[in-house]
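The lines below spell out each chain.
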Amino acid sequence: MKKLKLRRPVTIATIVSLLVLNIALSVLARGIQNQSESWRWVVHTREVLEHVQAALTLTSEAEAAQRGFLLTGNDNFVADYRQARDAVLPEVHELRTLILDNPRQQVAMRSFEDAVRRRLDLLERVMQERRAGRPVELAVLESGHALKQRILAQAQLIRTEEQRLLQVRQRHVEEGRRELITAFAITAGVAGLLVVMLWVISSRDAARLLAERARLDATLRSIGDGVIATDPKGNVSLMNRVAEELTGTPEARGVGMRLEQVLRFRDRGSGGPVDLEQAIADGGEHVVLASGNGREYATELSAAPIEPQGDMAAGEVLVLRDVSERNARARALAESEANYRYTIELNPQIPWRASPGGAIERISDRWLSLTGQAREAVLGAGWSSAVFDEDRPAMMRAWAHAVDSGEPFDVEFRIRDAGGQLRWMRSRANPRRADTGAVVAWYGLIEDIHARKESELALSSRLAQIETIYRAVPVGLGLVGADLRLAELNDALAEVSGMSKSAIVGRSPAEVLPASMGERVGQVLEQVRRERRQVAGIEFGSPGTDAAPQRDWLASCYPVLDGSALQGIVVALLEVTQIKVAQRELIEANQLLEQRVEERTERIAEANAELRAFAHTVAHDLRAPLRNVEGFATALVEDEGERMSAEGRMFADRIVAAVVRMDRLITDLLAYSRLSRAELQLERVDLGAVVKTALRDLEAEIGASGAQLDIAWPLPAVRGNATILAQVVGNLVSNAIKFVDRGVVPRIEIAGRRDGAVARLLIGDNGIGIAPEHREHVFGVFERLHGHERYPGTGIGLAIVRKGLERMDGKVAILDREGGGTTFELALQAAD
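The sections below set out a description of the structure shown in this document.

Reading the values: rules and limits
- Residues numbered from 1 in each chain as written.
- Predicted model: local features only at pLDDT ≥ 70, side-chain atom pairs only at ≥ 80, totals over all residues.
- Heavy atoms only, no water.
- Core = buried A, V, L, I, M, F, W, Y, C linked by side-chain atoms within 4.5 Å.
- Buried < 20%, exposed > 50% of the residue type's maximum accessible area, 1.4 Å probe, protein only.
- Helix = DSSP H or I, 4+ residues; strand = E, 2+ residues; numbered from the N terminus.
- Contact = heavy atoms within 4.5 Å.
- Expected span 1.5 Å × (residues − 1).
- Arc of directions from axis to C-beta.
- Patch = residues over 30% accessible without salt bridge, like charges linked within 9 Å, V, L, I, M, F, W, Y side chains within 5 Å.
- Areas by Shrake-Rupley, 256 points an atom, 1.4 Å probe, with all protein chains shown as cover.
- Salt bridge = Lys/Arg side-chain N within 4 Å of Asp/Glu carboxyl O.
- Lys, Arg positive; Asp, Glu negative; His and termini not counted.
- Charge placed at Lys NZ, Arg CZ, Asp CG, Glu CD.
- Phe/Tyr/Trp six-rings, centres within 6.5 Å; stacked < 30°, edge-to-face > 60°.
- Lys NZ or Arg CZ within 6 Å of the ring centre and 35° of its normal.
- Pairing = 2+ DSSP bridges.
- Axes fitted to C-alpha atoms, helices over the stretch in contact; angles between N-to-C directions.

Some thoughts on the nonpolar core
Move 1: Counting residues in hydrophobic clusters, the biggest one holds 39 residues, and the most contacted among them are L725, V729, L732, I750, L761 and F824.
Move 2: Elements represented by at least two residues in this core include exactly α21 (687-697), α23 (722-738), β21 (747-755), β22 (758-765), α24 (797-807), β23 (811-815) and β24 (823-829).
Move 3: No other element matches the nine residues that α23 contributes to this core.
Move 4: In this structure V729 touches V690, V691, A694, L761 and I763, once residues within four positions along its chain are discounted.
Move 5: Of all hydrophobic cores here, the second largest spans 27 residues; its members include V48, V52, V88 and V92.

So this is what it looks like as structure tokens:
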């Protein structure tokens, strides 16, 4: 009874310890799960903040590139603008996906996305206006500024909500960490208590230990860790189910084996084996290589001796805890934190953190690279030494005010970079607060805005220039509101009305412009307001009087639209009085010129008629006496030749030859004259058929000279006149037969080819050739390089060739030919 009474408290304590251990393990498992879930939501919140910032940054980059293009017209800014613009909406889409779990954020997100899309549409429309050469209206710029403010406001709403959620979720992380620590402490305490109790029981009562063995055995087998018990010789005496799985050795086979045969450890770093006794002595975490299935487990090893029997321990109990899953979660958490830090470092902005009192505690390495400062010099307030001297006092006052009041910090200032150059920067920070509202730390970003700031300064200068041009340009410019009343105008437009600008603003154009002109302008403005499209090139005029001459204007009206809403109408009025006067004078001059052209045309017609009459006279009246002279001279030679001296017959033969040359000359002149005056009908002509016709007409000359012909068939088709082409080819072939050295057999090569829209005909010979300095002269009328005695001809044949080709919009050229001779190239429009 006494033993029972003694065992009962111990049994109860053991059971209570096991229950507490199970509860602690459950709490530990739940804490690990909650900790993982809390960290996942913290990372999710940070991703939302990153995407909000990325969308704002890309929108700003698109605006900066657009401003750069508006100011410089450089197409490099267009590429930067399109790259930034195309990247904005994917960021917005990703952001919308991330906040699907938060209905409150979805409301702000819809407004944010709408503002971003409208801002991008406005930027694109301004770019198109600029590329079209049209000026950008002030109202469009103001509308863009309003959209930008709206984007920033909605982005701030989203940030504020996410920062609130971040604080809540970080509190959950802290609570989970405390739960984990508590559960671990309880588990470790209960495990230690259990080991102590077992040792006490073993030392107090060996018999009771034996009685309780079965119960202890069941307890060890049901525990969630691997348990291996050994006897005093180091042989395995017990293995629970978890130990079987971790070692890969069934208990039935493992009992009686040496412990080092069942448990095998390897070093986590080198991968080499670890001595079992050393592993047990070290405790802590080890990797177990199971002997059966080859799997590896990360385990925490603890060992305790079984209560001794005399001086020798009864054995050992080893507890193997599988921490693979816990390590995997820890690695995932570490990887997540590393990814977060890496993402922050990839951000083009420079992150920093300060203490509640405003001392810098941590800043990105990019600040050190940018300024050339050492890290030790940056901490505290040392970073401010990089700020430009003129900007430092104002920046420090703003930072001190933010630290004292807890309000957000946002200041633009200049720094000197590592190269000594001034750069514009923008620093922003918000406080992170504890549950009590006290500031825990300051988190901020430093943004390089040098390019944007220079663009803004250049834009301000540009706008000032545009304002000066607007006021000084001689074109009347005005802005009419949607109510068709003048809201703004320059001096040139005020001069047209003859009234002061202050008296005109707020009135309709019909009230301030001359009556007929004002009424017409009012009608055009109504049309623009109704149709929402520009009306350009409207002419207006005021009738002249004795006191003032007639004046003329050219007006254009352009609607200013925000989406489909009409914001106003831009009116441009250009005085064209001098142009109209010049046009009227030009019309009078044209009429006078047309009259003179008609008179000269009549004179040319009369001259052509006289020329045709002269040609008729030459063809009939002049050639008739030549035929008589030829006839009498021929009869004289035939009838009186026997009684004439040799010298007389020579003179008679020369008379006949001279008459023949004169007749041929007249014939060629008439052909040249007709070629110049004839009306040509161009049509499709086959050059092959033309060459055959020309050769048929020259059969006698070809036969008498024994000329050799080499024709590369087929020949291309051209647009021309078949009769003139036959005459041109005949002249060139005839020249090739005549102009050869004595004793040389004429050899003529004819070929053709097509080069795109041009067809070429090549006629080459082996004649005496034409020197390069004479190639242009030979196409003139009566141009001859040799006398009649050696080479007969009139000197008009090549002139007919050039004139004929010119009438058919063609060209003739003389090409070099290897081995001597001449090649004529005829170029004409090819026919399909």
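Having seen it, we continue.
Digging into helix α13 (residues 392-405)
Move 1: Between its first and last C-alpha atoms α13 spans 20 Å; for 14 residues at 1.5 Å apiece the expected length is 20 Å, and the two agree.
Move 2: Restricting attention to buried positions, one finds in α13 the residues M395, W399, A402 and V403. Projected down its long axis, α13 carries its buried residues within an arc of 100°, all on one side. Residues R397 and D404 are exposed on α13 and point more than 90 degrees away from its buried face.
Move 3: Buried residues belonging to α13 abut β8 (350-354), β10 (409-416), β11 (422-433) and β12 (439-448).
Move 4: Of the residues flanking the end of α13, it is G406, one or two places downstream, whose phi is positive at about 80°.

Here's the deal with a negative patch on the surface
Move 1: Together, E594, E598, E599 and E602 line one region of the surface with negative charge.
Move 2: Looking at the element boundaries, E598 is found in helix α19 (residues 577-640).
Move 3: On the basis of relative accessible area, E598 is assigned to the exposed category, the value being 52%.

Considering the packing of aromatic side chains
Move 1: Scanning the model with the defined rule gives five aromatic pairs in all.
Move 2: Ring geometry for W367 versus W383: centroids 6.0 Å apart, planes at 70°, classification edge-to-face. Taken together, the residues W367 in helix α11 (residues 365-371) and W383 in the loop between α12 (375-378) and α13 connect sequence positions 16 residues apart. Taken as a pair, W367 and W383 share a single burial class, namely buried.
Move 3: By the ring-pair criterion, three or more aromatic residues cluster together here, those being W352, W399, F409 and W442.
Move 4: The cationic tip of K453 hangs over the ring face of W424; the distance from NZ or CZ to the ring centre is 4.8 Å.
Move 5: Cation over ring: K692 sits above W713, and NZ or CZ is 5.3 Å from the ring centre.

Here's the deal with the sheet that holds strand β19 (residues 708-711)
Move 1: With mixed pairing, the five strands of this open sheet are ordered in space as β19-β21-β22-β24-β23. Strands at the two margins of the open sheet, each flanked by one partner only, are β19 and β23. With direction set aside, neighbouring strand axes in the sheet form an average angle of 20°.
Move 2: Taken together, the eight bridges between β21 and β22 define a ladder with antiparallel strand orientation. Along β22, the bridge assignment pairs I750 with I763.

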